[in-house]
Number of protein chains: 2
Amino acid sequence: MAGQFAEKLPQAGEELLEKITGANPSMLRSLMSSLSSGELAQLLEQSLPAQRAVLWNLLDEDAAAEVLHSLNTEVSSEILHDLQPDQIAFLLSSTSDDDLADILQSLPKTLTQAVLNQMDEHDRSRSERALSYDANTAGGLMTTELITVGPDHLLKTVADQARRHIATLPENLDSLLVVGRDNQLLGSLPLIKLALLDPSLTVREVMETDSLTPLPHTLSSAEVAERFQLNHWVSAPVIDEDGHLVGRITVDDIVELVRDQAESALLNMASVKDHEDTFAPTLKVMRLRAFWLGINLLTALLGSSVIKLFEETIAQVIALAVLTPLIASMAGVAGIQTSTIVVRALSLNQLNRQNRWWLLRREFYVGFGNGLIWAVVMAVLASAWFNDTTIGAVIALSILISLSCAKSIGVLLPLALKRLGSDPALSTGVILTTFTDVIGFLSFLGLAAWFYG
Amino acid sequence: MAGQFAEKLPQAGEELLEKITGANPSMLRSLMSSLSSGELAQLLEQSLPAQRAVLWNLLDEDAAAEVLHSLNTEVSSEILHDLQPDQIAFLLSSTSDDDLADILQSLPKTLTQAVLNQMDEHDRSRSERALSYDANTAGGLMTTELITVGPDHLLKTVADQARRHIATLPENLDSLLVVGRDNQLLGSLPLIKLALLDPSLTVREVMETDSLTPLPHTLSSAEVAERFQLNHWVSAPVIDEDGHLVGRITVDDIVELVRDQAESALLNMASVKDHEDTFAPTLKVMRLRAFWLGINLLTALLGSSVIKLFEETIAQVIALAVLTPLIASMAGVAGIQTSTIVVRALSLNQLNRQNRWWLLRREFYVGFGNGLIWAVVMAVLASAWFNDTTIGAVIALSILISLSCAKSIGVLLPLALKRLGSDPALSTGVILTTFTDVIGFLSFLGLAAWFYG
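Each value, and the rule that gives it
Per chain, residue numbering runs from 1 following the sequence as it is written. Written order determines the labels here, with chains lettered from A and ligands numbered from 1. Totals for whole chains, interfaces and linings use all residues, but because this is a predicted model, local features are given only for residues with pLDDT of at least 70 and pairs of side-chain atoms are given and counted only at 80 or more. Side-chain figures throughout are based on the complete set of non-hydrogen atoms in the structure, without hydrogens or water. Under the scheme used here, helices are H or I runs from DSSP no shorter than 4 residues and strands are E runs no shorter than 2 residues, and both carry numbers assigned from the N terminus. Residue burial is assigned from relative accessible area. The probe radius is 1.4 Å, only protein chains are included, and a residue is buried under 20% of its type maximum, exposed over 50%, and partly exposed in between. In this description, contact between two residues means that some pair of their heavy atoms is separated by no more than 4.5 Å. Methods summary: accessible areas were calculated by the Shrake-Rupley approach with a probe of 1.4 Å, and residue burial reflects only the protein chains presented. When charges are tallied, Lys and Arg are placed among the positive residues and Asp and Glu among the negative ones, while His and the ends of the chain are skipped. Taken as the charge centre is NZ of Lys, CZ of Arg, CG of Asp or CD of Glu, depending on the residue. A least-squares superposition brings the copies together, and it is based on the C-alpha atoms of residues with pLDDT no lower than 70 in both. In this scheme, strands are said to pair when DSSP sees at least two bridges between them. In the sections that follow, a salt bridge refers to a side-chain nitrogen of Lys or Arg positioned within 4 Å of a carboxyl oxygen of Asp or Glu. We call two N or O atoms a polar contact when they sit within 3.5 Å, provided that within protein one can donate a hydrogen and the other can accept it, with sequence-adjacent residues counted only if both atoms are side-chain atoms. Start and end positions for the domains come from either an automated domain assignment or a database one. Picture the helix axis, draw a direction to every C-beta atom, and the arc is the one those directions span. Note on terms: buried area is the combined drop in 1.4 Å-probe accessible area of two parts once they are placed together, counting the loss on both. In this analysis an axis means a line fitted to C-alpha atoms, helices contributing only their contacting stretch, and an angle means the value between N-to-C directions, from 0 to 180 degrees. Throughout this description, any angle smaller than 35 degrees is read as roughly parallel, any larger than 145 degrees as roughly antiparallel, any in the 65 to 115 degree range as roughly perpendicular, and the remainder as oblique. Here a crossing is called left-handed whenever its near helix is offset anticlockwise from the far helix by less than a right angle, and right-handed whenever the offset is clockwise. Just so you know the grouping, Ala, Val, Leu, Ile, Met, Phe, Trp, Tyr, Cys and Pro go in nonpolar, Asp, Glu, Lys and Arg go in charged, and all remaining residues, Gly too, go in polar.

1. Structural notes on the overall build of chain A
When helices and strands are counted, chain A shows 23 helices and six strands. A buried classification covers 60% of the 453 residues belonging to chain A. Contacts in chain A between residues far apart in sequence, at least 24 positions, make up 67% of those at least 6 positions apart. Accessible area of chain A: about 18,600 Å², with a carbon and sulfur share of 57%. Across chain A, 30 positive and 52 negative side-chain charges occur, with their mean positions spaced 5 Å apart.

And the structure:
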C-alpha cells in the first residue's frame, strides 16, 4: 500500500508527458482521469508551452475549473490569456472568492473588464467585492464562503441544520463561527464541542471567546502568515473595522503564501522576476532577463570607469589587472552573505531599533576578522606569485577594507531600501554588487597608485 | 478590537527589549507573562545573545518547555547548549516527539548521550524511537501521540470516551484515526461525522477509507510537503512497511517545513550556512563565513591565473584590464538567474527527462538572444570609449559566448550536482561563478590575444 502510493504521482506524470506526443486524445483523457485536480495542476505546471495547450483542452469544463484552483497564478494566467472572455467568465463562476481576485488581478486590465462584462450579476458583484480588497492583505487571502451559527441556538439545532448540509461541508472543518446581529463576530464553536457536549446547551454557553483572535482585513499577508505560524491555527476569521465577520482564512492558503514569500526573495535576490513560470516561452524569458542584465551592465560600466582612472598604474604593474577581479569577487560574496541574512530577518520581522545596530556592529567585526585572515593569506600568496612584496601589502590592505565595508553595506543597504519603501530582496543584489565593486576597485587600485606612485 | 490586536505583538516585543537593560526582574516577568509562548519564542529569536540568557532565565519551567516547542531549532540549540544535561532532560520531558528528535539531533553528540542518561525510562525510550527515524522523512516529522478508535465501536461510545478527555484534545483536531488489531490503519473518522451522524452507527459504517492516503514513514519531507499542498490536508497518518499506524503529521509542521526549505535554498545560494541564527555571536559567524570566503578565494585565484596567461596582451592594450571584470559580472548574473530558476524547479520536483532538455535549449536561446543585444550595445560603447573598434569586436563576441555558455551551465550545473547527490542550492553559487569567470576571462582575453596578436 505504502510503496504503491508513494510513487503514484511522479510515475503518472512522467508517463503522461511521454505519451503526450502523438498519443490519441481518448487515451490521454483516460490517463488524465486517474489524476486528482491537484495532480493535474502539477502536470500542467511541469509541461512545456505546446503540451500545456493540448492537456488543457482535454479537460472538461468542471474539471478545468477545479484544476484552475490548484494551479499557481503564473501558469493559470498564461492559460487564461489564450481563452475568450466568456470562457474565462464561465471558469471563474465556480472559483472561490480568494482565487477569483488573484486570477482577475493577474489578467491584463482590458481582459479583466471584458471578463466582468461576460459575467452574470451574482458573479460580477462577487468579483467586484473580491477585487476591492488589496491582494496582499488578509482581505485578499480570505474566502467569503462562511459557515456561521447564532449564539442562542441549541447545540442540537446546530447539529440538525449541519446534518442537512453534511455533503457540502469541507472535510477538514474544525470549527464554526458564531455571529450575532449585523454579522458581529462573537466566538467560535469547535466541532469537537459540538460532537461531545450536551445537545441542550446553547452555542453561547460553550463557544470559545478567549482563544478567538480575528484578523483585521487590512492586516498584511506577511503578518497573517506569522500569526498562523505562531499560533498553530488551522483557520482564522477576518473582520472589518467594526468587528463584523467578512471572511475566513484557512491554513492551506498560508502554506502557499509562505512558500511564495520565501520563493520571491530567492528569485529576486538573483535578479529574476518573482513568480516566473519555469516553462515560460523563450521570448518572454528573454525580455524578462534582458532588463536585469541591462541594469547590471550599467553598474558594471561604473566599475569599469573606476578602473579606467588607474590605467597608468596598471600599465606600470600588470599584476594589478590579474588581481582586480579577485578583490571584486571577495567583496561581492562577503556582501551577499550579509545582505541575505538581513533580507531574511526583515521578512521574518526580526529587526527592531536596538538589534539592527548590534547586527551592523557584528557584521563589521565579522568582515574585519575575516578580512584579517584572508589579507594575511593573500599577502603571502601575491608576494610569492609576483615576486613583489608591495603588491602583497596592497592586496592585504584592500581585502581588509573591502570586506569590512562590504559586510557593513550588506546590513545598511536592505534597511535603507526597506525605509524607502522598496522590496529589499528585489534591488539589493544589483545595487550591492555596484557598491562592492566600486569599493574593491577603488581601495585596491587607489592603494596601488599610492604605493607605486 | 481589530487595531488593538493587530499591533499587540511588535509593540510588546519592542517594549520588552527596550526595558530589558537594567529593568528589575519582577517587572520583566510581569511584562513577559502577558505574551503567549509563540510570542515569547519570537521575542527570544529577536534578542541579542546577552539578552536571550536573561529572558530565558526568567521563564518558569513549564513556560520554558512550551517556548522551546515554538523556537526555531537554531535558537533552541543555542540556548540548550548552555544548560546542564539534567535541565535539558527535564525540559524535553514535556516536548512532543517530533520536536524531541529535532532538538536532540541539534545538540553535540556527547551532550545528547549525557541528556539521554539523565532521562527516565519512558522518556529515554521515547527519545530513542524518535531518533530512529531520519529527520528528513515523514517519520522524522510525525508525532506519535495519536488518538485512535476501533472499527467496531458505536459512535456513541467513541463520543463518551472522547468526552472524558475533552480538556486534553487538540482544539484544531479534524478527525480520529481508525485502527484494527496490531494497529493496522483502516480509515479515518472526521469529527463532523461524529458530531452529526446517528450515534448508534458503528465507526466502520461511517469511516472514510477512499480519501485516506497514509504516508509511508520513509517518504522524504519534501514529498510530504508536496502532498499536503496538493491535497489541502490538515493532517495525515504515517504508516510503516506493513501498514501499521506509527504517527501523524499536522499542517502546522508543514508550514514550518515549507518555510525552512525555501529559506535554506535562499541562504545556500548566497554561501551562507542554512539555519544560521540571525543573532548568533560574532565569533561563530566569523567562523561560518570564513569557510565560504576561503572557497571563493580559491576559485577567484583560478580566475586570476587565467588572466595571468594573457599578461602580455594586457600590457599591450590596457583597455582589456578595464573591461575584464565587466565580462565576469555579466556572465555571473546571467548564470545565477538561470541556476536559481533550476534550483527552484528541482525543489518543486518539476523537472523530468523531457522538460529538462527543453529548458536547456530555451536558456541557451535566451543567453544567445540577450548576448546579441548587449554585445551590440557594448561594441558601440567600447569602440567609442577607447576609440578602438577592435576592442568593440572583441567584447561583443566575448559577451555573446559568455552569456550563451553561462545560461547553459546554469541549467547543467544544478542538475549535475543533484545527480551526484549534493544539494544543488548549496554548491551551485560558488562553482557557477568559477565557471562563468573562467569562460568570461578566457573568451575575452583569448579573443583579444588573437585579434591583437
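After that view of the structure, there is still more to cover.
2. As for the relation of the copies chain B and chain A
Superposing chain B onto chain A takes a rotation of 180 degrees plus a shift of 0.0 Å along the axis, which leaves an RMSD of 0.1 Å. Considering both components of the superposition, the chain copies are consistent with a two-fold axis. No C-alpha of chain B approaches the rotation axis more nearly than that of B:Ala195, which lies at 1.8 Å. Most of the interface of chain B is mirrored in chain A: 100% of its interface residues are interface residues there too.

3. What about the sheet that holds strand 2 (residues 175–179) of chain B?
Residues and elements named next belong to chain B. Read across the sheet, three strands follow the order 1-2-3 without closing on themselves; strand pairing throughout is mixed. One side of each edge strand has no neighbouring strand; the edge strands of this open sheet are strand 1 (148–149) and strand 3 (185–190). Inspection of the sheet shows strand 1 paired to strand 2 by two bridges, in the parallel sense. Paired with Val-149 across the bridge in strand 2 is Val-178.

4. Points about the pairing of strand 6 (residues 245–250) of chain A
All names here are of chain A. Burial within strand 6 is extensive, with five of its six residues counted as buried. Bridge analysis of strand 5 (residues 235–239) against strand 6 gives five bridges, and the strand direction is antiparallel. Within strand 6, the position partnered with Pro-237 by the bridge is Arg-248. Linking two consecutive strands that pair antiparallel, namely strand 5 and strand 6, is a turn of five residues; a positive phi of about 80 degrees is found at Gly-243 within it.

5. Examining the sheet that holds strand 4 (residues 215–216) of chain A
Backbone-to-backbone hydrogen bonds join strands into a sheet, with any given pair of strands oriented parallel or antiparallel. All names here are of chain A. Read across the open sheet, the three strands follow the order 4-5-6; overall the sheet is mixed. With partners counted over all chains shown, the strands left at the sheet margins are strand 4 and strand 6, one partner each. When strand 4 meets strand 5, the two strands line up parallel, connected through two bridges. Bridge pairing links Pro-216 to Ile-239 in strand 5.

6. Looking at the pattern of salt bridges
Taken as a whole, this structure holds 26 salt bridges over all chains when the rule is applied. The network of salt bridges with shared partners includes A:Lys156, A:Asp160 and A:Arg163.

7. Observations concerning the side chain of A:Ser402
Residue and element names in this part refer to chain A. Of note, Ser-402 is situated in helix 22 (residues 389–419). In this structure the side chain of Ser-402 is engaged in a polar contact, spanning 3.3 Å, whose partner is the side chain of Ser-443. Setting aside its immediate chain neighbours within four residues, Ser-402 contacts Ile-327, Ala-331, Ile-439, Gly-440 and Ser-443.

8. Notes on the domain arrangement of chain A
Structurally, chain A comprises domain 1 (2–136), domain 2 (148–250) and domain 3 (282–452). The gap between the C-alpha centroids of domain 1 of chain A and domain 3 of chain A is 45 Å.

9. Structural notes on helix 11 (residues 121–131) of chain B
Those residues of helix 11 of chain B that sit buried are B:Asp123, B:Arg126, B:Ser127 and B:Ala130. Looking straight down helix 11 of chain B, one finds that the buried residues subtend no more than 100 degrees of arc, so they occupy a single side.

10. Brief notes about the side chain of A:Glu208
Residues and elements named next belong to chain A. Positionally, Glu-208 belongs in the loop between helix 15 (203–206) and strand 4. Take Glu-208: its relative accessible area is 15%, and that puts it in the buried class. A polar contact of 3.2 Å, which involves the side chain of Glu-208, links it to the side chain of Lys-193.

11. Some remarks on the environment of B:Val255
Assignment of secondary structure puts B:Val255 in helix 17 (residues 251–269). Judged by its relative accessible area of 4%, B:Val255 falls in the buried class. The contact partners of B:Val255, leaving out residues within four places of it in the chain, are A:Gln229, A:Val251, A:Ile254, A:Val255 and A:Val258.

12. Some remarks on the interface of chain B and chain A
Taken together, the contact pairs 137 residues of chain B with 137 residues of chain A. Here chain B packs against chain A, burying approximately 12,700 Å² in sum over the two surfaces, 66% of which is carbon and sulfur. For the chain B face of the interface with chain A, the top three residues by lost area are B:Leu196, B:Arg259 and B:Arg344, together amounting to 6%. In this structure, the connection of chain B to chain A is made through four salt bridges.

13. Thoughts on the packing of helix 17 (residues 251–269) of chain A against helix 20 (residues 319–347) of chain B
It is at 9 Å that the axes of helix 17 of chain A and helix 20 of chain B come closest, and there the two elements cross at 155 degrees. One way to sum up the angle between helix 17 of chain A and helix 20 of chain B is to call them roughly antiparallel. Here helix 17 of chain A runs over helix 20 of chain B; the crossing is right-handed. Seen from helix 17 of chain A, the contacting residues are A:Glu263, A:Leu266 and A:Leu267; seen from helix 20 of chain B, they are B:Thr340, B:Ile341 and B:Arg344. For the contact of helix 17 of chain A with helix 20 of chain B, the class distribution of residues is three nonpolar, one polar and two charged.

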